Amino acid sequence: MVDMMNNRFRKDMMKNASESKLSKDNLKKRLKEEFQHAMGGVPAWAETTKRKTSSDDESEEDEDDLLQRTGNFISTSTSLPRGILKMKNCQHANAERPTVARISSVQFHPGAQIVMVAGLDNAVSLFQVDGKTNPKIQSIYLERFPIFKACFSANGEEVLATSTHSKVLYVYDMLAGKLIPVHQVRGLKEKIVRSFEVSPDGSFLLINGIAGYLHLLAMKTKELIGSMKINGRVAASTFSSDTKKVYASSGDGEVYVWDVNSRKCLNRFVDEGSLYGLSIATSRNGQYVACGSNCGVVNIYNQDSCLQETNPKPIKAIMNLVTGVTSLTFNPTTEILAIASEKMKEAVRLVHLPSCTVFSNFPVIKNKNISHVHTMDFSPRSGYFALGNEKGKALMYR
């Protein structure tokens, strides 16, 4: 006999007080009943005798099956619902290394549970992501080098960092633990190297230069492959998800699309209603291009229309921000677009895709802890969302 009272899970299976002790056979039966009740019947893998099925009476059997068992036939949807996003605050990503300097980059490692936080205090720090304490793994200090942008390579083996006022590009080899400064790229005549992008397949590095130049470098050797030139200045640039194209947003409200292999301009189109662009992003599934402008509008385009038309109509113009949109980030599953402006406090919104509606419960305005957002990122499986502000905090949400 098995005592049912001393186990809290078995206690729930008692139908009345007389069942304080059950024989093993009866307990087995009861467990089976509970399981079948929870599963809505006997799952196929649990059936010991395989029923013979012939093609003509298979459909009849299916119908019989349907009528014979009770259970939940309506499954939950796998896509993200719109309206309200279930989320909660976690411990700050950089709580173990507090700073008051502005955070310029927050990024999750593409393969490991690690988040990188870099800022104007000359340090790049790596933290383990657990949502509770986020223990520090290490900090790399760069002498007289306030970090403008830091970024993982696509394979996650290197960290690249540029400064606000230097032409040096630092490469930190995470496996060897070595810091390699790239002082001069042959053929690159830039006085300051600041804004850059790493291609999704890890083979290219794109540097935004002055006077409308975009420089394409080989990621492995950090050598110049070639340059592309647009009219006006380069406001922002990004690779398409397949690395075959580069989208460059210019200072006069136009977006240029370049072919990476031939470095020829495939198309240029006017970003609707924009005086000058500030940010641009492409979705991981190759469906959307989002352009952020100086007036706070984010236009979401179909990627195909950006390649063919000179005046494409956006699917939706998001008008929830009123100051220039400086950061745009799609999540890896292309269900959320995060938009933010560093010009105004609490100016960050999460947009649901494909409905293009804003989640109403973020940010929680009354808390006023977000402040000016300078950088944002989603973890590789979208479990976490992090943003860095000018007060030196890397806020993290589950």
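Thresholds, definitions, all that
- Every chain is numbered on its own, with residues counted from 1 as its sequence reads.
- Totals for whole chains, interfaces and linings use all residues, but because this is a predicted model, local features are given only for residues with pLDDT of at least 70 and pairs of side-chain atoms are given and counted only at 80 or more.
- Side-chain descriptors were evaluated using all non-hydrogen atoms of the structure, hydrogens and water having been removed beforehand.
- Working definition: helices are DSSP H or I runs of at least four residues, strands are E runs of at least two. Numbering for both runs from the N terminus.
- Throughout, the radius of gyration refers to the C-alpha atoms, and the reference size of a globule is 2.2 Å times the residue count to the power 0.38.
- When accessible area is computed with a 1.4 Å probe and restricted to protein chains, residues below 20% of their type maximum are described as buried, those above 50% as exposed, and intermediate ones as partly exposed.
- By definition in these notes, contact holds between two residues if any of their heavy atoms fall within 4.5 Å.
- Areas reported here follow the Shrake-Rupley algorithm with a probe of radius 1.4 Å; residue values treat only the protein chains shown as occluding.
- A residue counts as positive if it is Lys or Arg and as negative if it is Asp or Glu; His and the chain ends are not included.
- Charged side chains are reduced to one point each, which is NZ for Lys, CZ for Arg, CG for Asp and CD for Glu.
- A pair is scored as a salt bridge if a Lys or Arg side-chain nitrogen falls within 4 Å of a carboxyl oxygen belonging to Asp or Glu.
- Definition of a polar contact: a pair of N or O atoms within 3.5 Å, with one able to donate and the other able to accept a hydrogen when the atoms are protein atoms, and with sequence-neighbouring residues admitted only if both atoms are side-chain atoms.
- We call Phe, Tyr and Trp rings a pair once their centres come within 6.5 Å, taking the six-membered ring for Trp, and we label the pair stacked below 30 degrees between planes, edge-to-face above 60, and tilted otherwise.
- Both a distance and an angle decide whether a charge sits over a ring: NZ of Lys or CZ of Arg must be within 6 Å of the ring centre and within 35 degrees of the ring normal.
- UniProt positions are given in the numbering used here, feature names are shortened, and annotations may be inferred rather than shown by experiment.
- Two strands pair if DSSP finds at least two bridges between them.
- The convention used is that axes are lines fitted to C-alpha atoms, helices contributing only their stretch in contact, and that angles between N-to-C directions extend from 0 to 180 degrees.
- Here the term patch refers to residues with relative accessible area over 30% and no salt bridge, with like charges joined within 9 Å and nonpolar side chains (Val, Leu, Ile, Met, Phe, Trp, Tyr) within 5 Å.

**Section: the overall build of the chain**
Stage number 1. Scanning the chain from terminus to terminus reveals four helices and 29 strands.
Stage number 2. The C-alpha radius of gyration of the chain comes to 27 Å, more than 25% above the 21 Å expected for a compact globule of 398 residues.
Stage number 3. A buried classification covers 47% of the 398 residues belonging to the chain.
Stage number 4. Long-range contacts, defined as pairs at least 24 residues apart, comprise 45% of the intrachain contacts of the chain with a sequence gap of at least 6.
Stage number 5. As displayed, the chain has an accessible area near 21200 Å², and 51% of this comes from carbon and sulfur atoms.
Stage number 6. Here the chain carries 50 positive and 40 negative side-chain charges, and the mean point of each set is 9 Å from the other.

**Regarding the pattern of salt bridges**
Stage number 1. Under the criterion given, the structure shown has eight salt bridges.
Stage number 2. For Arg97, the salt bridge is made with Asp121, and the minimal N-O distance between the two is 3.0 Å. Taken together, the residues span a long stretch of sequence, with Arg97 in the loop between helix H3 (55–68) and strand S3 (103–108) and Asp121 in the loop between strand S4 (114–119) and strand S5 (123–128) at a distance of 24 residues.
Stage number 3. Looking at Arg97, the relative accessible area reads 22%, which means it is partly exposed.
Stage number 4. Lys149 serves as the salt-bridge partner of Glu197, at 3.2 Å between the closest nitrogen and oxygen. In this pair, Glu197 is assigned in strand S11 (residues 196–198) and Lys149 in strand S7 (residues 147–152), connecting sequence segments 48 residues apart.
Stage number 5. Of the residues examined, Lys149 reaches a relative accessible area of 18% and is grouped as buried.

**Topic: the environment of Ser237**
Stage number 1. Turning to its location among the elements, Ser237 is positioned in strand S15 (residues 234–239).
Stage number 2. The class for Ser237 is buried, based on a relative accessible area of 3%.
Stage number 3. Along the primary structure Ser237 and Leu206 are separated by 31 residues, whereas in three dimensions their C-alpha atoms are 8.3 Å apart.
Stage number 4. Within polar-contact distance, the side chain of Ser237 engages the side chain of Asn208 at 2.7 Å.

**A few points about the packing of aromatic side chains**
Stage number 1. Taken as a whole, this structure holds seven aromatic pairs when the rule is applied.
Stage number 2. Taken together, a centroid distance of 6.3 Å and an interplanar angle of 5° make the contact between Tyr288 and Phe330 stacked. Placement of the pair is Tyr288 in strand S20 (residues 288–293) and Phe330 in strand S23 (residues 327–330), with a sequence separation of 42 residues. A single burial state applies to Tyr288 and to Phe330, both of which are buried.
Stage number 3. Among the aromatic residues, those joined into a ring-pair cluster are Phe362, Phe378, Phe385 and Tyr397.
Stage number 4. If you follow Lys229 out to its NZ or CZ, it ends over the ring of Tyr213, 5.6 Å from the centre.
Stage number 5. The side chain of Arg398 reaches across the aromatic face of Tyr384, ending 4.8 Å from its centre.

**Let's talk about unusual backbone geometry**
Stage number 1. Each neighbour pair has its own omega, and for Leu353 with Pro354 the value is 5°, a cis peptide bond.
Stage number 2. For Pro354, the location among the structural elements is in the loop between strand S25 (348–352) and strand S26 (357–358).
Stage number 3. In this structure, Pro363 follows Phe362 across a cis peptide bond, with omega equal to -5°.
Stage number 4. Of note, Pro363 is situated in the loop between S26 and strand S27 (373–378).
Stage number 5. The backbone phi angle of Glu346 is positive, close to 60°, even though this residue is not glycine.
Stage number 6. One can find Glu346 in the loop between strand S24 (336–340) and S25.
Stage number 7. Under the relative-accessibility criterion, Glu346 is labelled buried at 7%.
Stage number 8. In this model, Ser371 sits at a positive phi of 60°, which is unusual for a non-glycine residue.
Stage number 9. The residue Ser371 is located in the loop between S26 and S27 in this model.
Stage number 10. Residue Ser371 is classed as buried on the basis of its relative accessible area of 2%.

**Some words on the UniProt feature "repeat: WD" (unreviewed entry) in the chain**
Stage number 1. Under the present numbering, the feature "repeat: WD" (unreviewed entry) in UniProt falls on residues 234–268.
Stage number 2. Between the C-alpha atoms that bound residues 234–268 there is a distance of 13 Å. The span itself is 0% helix and 63% strand.

**Some remarks on the sheet that holds S15**
What links the strands of a sheet is backbone hydrogen bonding, and the strands pair in either a parallel or an antiparallel sense.
Stage number 1. Pairing is antiparallel in the open sheet, where four strands are placed in the order S15-S16-S17-S18. Of all the strands in the sheet, just S15 and strand S18 (265–270) have a single pairing partner and so form its edges. Strand-to-strand twist in this sheet, taken as the mean axis angle between neighbours without regard to direction, amounts to 20°.
Stage number 2. Where S15 lies against strand S16 (residues 245–250), five bridges are found, and the strand directions are antiparallel.

**Observations regarding a nonpolar patch on the surface**
Stage number 1. On the surface, Phe35, Met39 and Trp45 cluster together into a nonpolar patch covering about 380 Å² of accessible area.
Stage number 2. Tracing the sequence through the fold places Met39 in helix H2 (residues 24–39).

**Notes on the side chain of Ser249**
Stage number 1. Tracing the backbone shows Ser249 in strand S16.
Stage number 2. What Ser249 contacts, discounting residues up to four positions off in sequence, is Arg233, Val234, Ala235, Ala236, Glu254, Val255, Gly277, Leu278 and Ile280.

**Here's the deal with the sheet that holds S5**
Stage number 1. The antiparallel open sheet is built from four strands, whose spatial order is S3-S4-S5-S6. Either end of the sheet is taken by a strand with one partner, and the two such strands are S3 and strand S6 (136–141). Pairs of neighbouring strands in the sheet enclose a mean axial angle of 15°, with direction left out of account.
Stage number 2. Bridge analysis of S3 against S4 gives five bridges, and the strand direction is antiparallel. Note that in S4 the partner of Gln107 across the bridge is Met116.

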